Amino acid sequence: MHLKVRRVTHGLFSVQRFSCHGVRENLPKNLQLELDAMRKGSQNDLEIIYGIQPTLAALSAKQRSISHIYVRDDLLQFPSKCSTYKNQWVSNLIQVASTSDIKIKSVPRDFLSSLTNGRSNQGVAIACTPLPTPSLHGVSAHSLLHFIHCRSGNGKVGSCCGSSSVVLFLDQVQDVMNVGSILRSAVFFGVPTVLFSAHFSASPSPLISKLSAGAMEALRFFRVSNSVSTLKQLHEFGFTIVGTAGNQPKFQENFDHSQPLELPLVKPEMQTYNQVMNVVYMPVYSCCNNP
């Protein structure tokens, strides 16, 4: 199999496209047709989630409608006990899929390589609908504080689903690797909901799901068209708004800050709401900093 990489620039974003020459032609005719159908579907609100952790998380969170589960054929050739020993995560994925009444299809390595555009897929991929990213209109502030898997939604926050009562807002964060890392940390610290600006921001995607090791699948996402009015509204609902900024000489943490706030990493118009937002200055390290 030969992989060629082509870099394509779309406005502010640079995307790597992988082409698997000779892979599709090596597949049986029925798999070629299925691959073509999947590619056509990806142009019409169908996503391919790949990798063991993102796939398992998507199956468990149940935010997506899943139409197909593809597993590399050699991973399904072991007896169940042996499969658990060889790869416990794949065994867990098969178990979750079986309880969801979704048929698992055994496919060759070349099929998965072509389906995922040559990216590392660990022998697993699913075809599914995108994550829902509605607007905040009509959403209660209380519901933002609960994880998607929370069944009560009415109990004390933290006691029912492990939420830390923190909502994360990503304003114009474009680097997908940064977003993936942020989402992993968000889930670890009990953040159930992520808001992201509708313009000039990286939105939930299969690549970010993979970079976040599946953490993205456990979060609720809401699209925000006006950052300033949204923050002001959340403040009126009782939220304490805390922003982060770098390039300060030392770490500061003062939620009672009453002086005019400098927000070098936030849009200029947000400075008019400095009485609403508190800032935590985070140290910025680079390879040139001394430990």
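Since the model is a prediction, treat every value here as computed from it, not as a measurement.

Further remarks concern the sheet that holds strand β7 (residues 167-170). Spatially, β7-β8-β9 is the arrangement adopted by the three strands of the open sheet, whose pairing is parallel. Among the strands making up the open sheet, the edge pair consists of β7 and β9 (220-224). If you compare each strand with its neighbour and ignore which way they point, the axes differ by 20 degrees on average. Two strands pair when backbone bridges link them, and β7 and strand β8 (residues 193-197) are joined in this way by four bridges, in the parallel orientation. The partner of V167 across the bridge, within β8, is T193. The strands that helix α8 (residues 227-236) touches are β7, β8 and β9; relative to β8, the one it contacts most, it runs at about 150 degrees.

Our next topic: empty space enclosed by the protein. Summed over the entire model, instances satisfying the criterion amount to two cavities of 30 Å³ or more. Its boundaries defined by the atoms lining it, the second largest cavity holds a volume of some 50 Å³. Lining of the second largest cavity is provided by L170, V179, L183, V194, F196, A202, S203, P204, I208 and F221. Mapped by element, the contributors of at least two residues to the lining of the second largest cavity are α6 (176-188) and β8. Class assignment of the residues belonging to the lining of the second largest cavity gives a composition of nine nonpolar, one polar and no charged.

Before going further, it helps to examine the nonpolar core. Grouped together as the largest cluster of nonpolar side chains are 16 residues, with contacts concentrated most on L59, I66, I69, L93 and I126. The set of elements that each furnish at least two residues to this core consists of α2 (52-61), β4 (66-72), α4 (88-99) and β6 (124-128). The element that contributes the greatest number of residues to this core is α2, accounting for four residues. Not counting residues within four places of it along the chain, the set of residues in contact with I66 comprises A58, L59, I102, I126, A127 and C128.

Turning to its location among the elements, S197 is positioned in strand β8. Given a relative accessible area of 4%, S197 falls into the buried group. Beyond its immediate chain neighbours, meaning those up to four positions away, S197 contacts F169, L170, D171, Q172, V224 and S227.

Turning our eyes to something else, we now look at the confidence of the model for the protein chain. The predicted model of the protein chain has a mean per-residue pLDDT of 76, with 69% of residues at 70 or higher. The least confident element of the protein chain, judged by mean pLDDT, is strand β1 (residues 2-10) at 42; the most confident is helix α7 (residues 206-211) at 96. Low pLDDT, under 50, characterises residues 1-19; the stretch is placed with 36 contacts to residues that sit more than four places away or in other chains. Low pLDDT, under 50, characterises residues 251-275; the predicted model gives this stretch 36 contacts beyond four residues in sequence or across chains.

Within the structure shown, the criterion is met by two aromatic pairs. Centroid distance Y70 to F111: 5.0 Å. Interplanar angle 50 degrees. Geometry classified as tilted. Here F111 lies in helix α5 (residues 109-115) and Y70 lies in strand β4, a separation of 41 residues in the sequence. Using a relative accessible area of 0% as the deciding quantity, one classes F111 as buried. Summarising the aromatic geometry, the rings of F188 and F189 are spaced 5.1 Å apart at their centres and angled 90 degrees between planes, so their arrangement reads as edge-to-face. Under the relative-accessibility criterion, F188 is labelled exposed at 68%.

What follows deals with the sheet that holds strand β3 (residues 47-50). A sheet is described by the order of its strands in space; here four strands give the open sequence β3-β6-β4-β5, paired in mixed fashion. Strands with a single pairing partner mark the edges of an open sheet, and in this sheet they are β3 and β5 (104-107). Averaged over all pairs of adjacent strands, the angle between their axes in this sheet comes to 25 degrees, without regard to strand direction. Helix-sheet contacts for α2 involve β3, β4 and β6, and the interaxial angle to β6 is about 40 degrees.

Procedures and definitions
Throughout, residues of each chain are indexed from 1 in the direction in which the sequence is written. It should be noted that, the model being predicted, local features are given only for residues of pLDDT at least 70 and side-chain atom pairs only at 80 or more, the latter also being counted only at that level, while totals for whole chains, interfaces and linings use all residues. Processing note: side-chain calculations cover all non-hydrogen atoms of the structure and skip hydrogens and water entirely. Two strands qualify as a pair provided DSSP detects at least 2 bridges between them. By the criteria applied, helices consist of DSSP H or I runs no shorter than four residues and strands consist of E runs no shorter than two, each listed in order from the N terminus. Only the stretch in contact is used when fitting a helix axis, every axis being a line fitted to C-alpha atoms; angles between N-to-C directions are given from 0 to 180 degrees. Residue contacts are defined here by distance: any two heavy atoms, one from each residue, within 4.5 Å place the two residues in contact. Note on definitions: the grid is 1 Å and covers protein atoms alone; a cavity is a set of points where a 1.4 Å probe fits but cannot get out; a pocket is an open set with protein on both sides within 12 Å along at least five of seven lines; lining residues have an atom within 4 Å of a point. Grid points are joined across faces, edges and corners, and a volume is the space filled by probe spheres set on the points. In this classification, the charged set is Asp, Glu, Lys and Arg, the nonpolar set is Ala, Val, Leu, Ile, Met, Phe, Trp, Tyr, Cys and Pro, and all remaining amino acids, among them Gly, are polar. Put simply, buried Ala, Val, Leu, Ile, Met, Phe, Trp, Tyr and Cys residues joined by side-chain atoms within 4.5 Å make one nonpolar core. Residue burial is assigned from relative accessible area. The probe radius is 1.4 Å, only protein chains are included, and a residue is buried under 20% of its type maximum, exposed over 50%, and partly exposed in between. pLDDT measures how confident the predictor is about each residue, on a scale from 0 to 100. Stacked, edge-to-face and tilted labels apply to pairs of Phe, Tyr and Trp rings (six-membered ring for Trp) whose centres lie within 6.5 Å, assigned for plane angles under 30 degrees, over 60, and everything in between, in that order.

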